[in-house]
Amino acid sequence: MATTLQFALPSIAGRRRRPRPDSRSIIRPVRCAADRQALFNRIAPVYDNLNDLFSLGRHRVWKRMTVSWSGVKEGDTVLDVCCGSGDLAFLLSEKVGITGKVIALDFSREQLQIAASRQSERSKACYKNIEWIEGDAVNLPFSKSSFDAATIGYGLRNIVDRRKAMEEMYKVLKPGSKVSILDFNKSTSSLNSSIQDWMIDCIVVPIASGYGLANEYHYLKNSIKEYLTGNELEKLAGEVSFSEAKFYEIGAGFMGNLVATR
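This structure is a prediction, so every number in the text was calculated from the model and none was measured.

J.: Honestly, the pattern of salt bridges in this entry has me stumped. Any pointers?
T.: Oppositely charged side chains can form a pair if their charged atoms are brought close together. Under the defined criterion, the tally for this structure stands at 13 salt bridges. Residues aspartate 87 and arginine 118 are paired through a salt bridge, measuring 2.9 Å at the closest nitrogen-oxygen approach. Of the two residues, aspartate 87 is situated in helix 4 (residues 87–96) and arginine 118 in helix 5 (residues 109–120); the sequence distance between them amounts to 31 residues. Take aspartate 87: its relative accessible area is 11%, and that puts it in the buried class. Judged by its relative accessible area of 14%, arginine 118 falls in the buried class.

This is the structure in C-alpha cells:
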C-alpha cells in the first residue's frame, strides 16, 4: 500500500537531491503505487529532456490545449494533480495571474524538487502563486469544492486506483468546474496501436537506454495497454457523478484528453 504524504514543501528547492540508484538493477515489473513512485523518482532528472525528445516538443502544445479545456480563468484557485516537474502548473499560473492560486501535487519528491527549482529560476510574478504539495492522488488533502478547475498531465494512467482518483477530483472541484486530463491514448485502432508499440520499442526505449533508463521506459507500453480507452474514460467519469465528459483524440490519435464537468 502506498504511503500518503500530505505536507507542503516551501523550501524544497534548496534541498539536496538524493543519489539515484543504478537503474540497471531495477528489473521488477511496475505493479503497485510504491513501485510507480520509485520509478518517477528515478527518471526525474531527465524527465523533461526525454519528453522533448520523444514528442519533438509537441507535448508543450498538448499541455496548452489541456489548460485551455480546463476552463481556468484569472483569479481562479486551481489544482494540478500528478504535476511532475511543473509544466502544467506554470501554464495554469499564467492563466490565473497574480490574483489566483495554483496548487500542484505529486507523489514524487524528486519531481517536486525539480519543479520548485524551475520556479525559483523564473521571474514572472504569477509563478510565485504556485504551491508544491507532496501527496497522494487517491487521498487529496483538500476540502470539498475547493477548486475552480483541475488538470492531470500523464498521471491518471499511472494511478493504480483510477476510480478513487476520479472520485477525489470530483470531491475537491466546485460545482460546474472542469477537470482536464491529458495522457497517451489507448487507441481502438489496431494500426495506431501497432505504430505506438513500434515507437516505444524502437525509439523510446533505445533513447532511454542511453540515460540508463531502459527498464523504466519499458513500463510505458504496458501502462498504455492497461489504461482506459476514450469511451471507457467517459464512462468512468459518469460513474463517479461528473455531469458531462468528453474525450478528444489529439496528436494524430496517439494522445488523448478527457474533459469532465462536475
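After that view of the structure, there is still more to cover.
J.: Just to check I follow, could you spell out unusual backbone geometry for this structure?
T.: Glycine aside, the phi torsion of most residues is negative, and most peptide linkages are trans. Backbone geometry places cysteine 82, a non-glycine residue, at a positive phi of 60°. With respect to the helices, strands and loops of the structure, cysteine 82 is situated in the loop between strand 2 (77–81) and helix 4. Residue tyrosine 154 is not a glycine yet carries a positive backbone phi of 55°. Tracing the chain through its elements places tyrosine 154 in the loop between strand 5 (147–153) and helix 6 (162–172). Residue classification places tyrosine 154 among the buried positions, given a relative accessible area of 14%.

How each quantity is defined
Residues numbered from 1 in each chain as written. Predicted model: local features only at pLDDT ≥ 70, side-chain atom pairs only at ≥ 80, totals over all residues. Heavy atoms only, no water. Salt bridge = Lys/Arg side-chain N within 4 Å of Asp/Glu carboxyl O. Helix = DSSP H or I, 4+ residues; strand = E, 2+ residues; numbered from the N terminus. Buried < 20%, exposed > 50% of the residue type's maximum accessible area, 1.4 Å probe, protein only.

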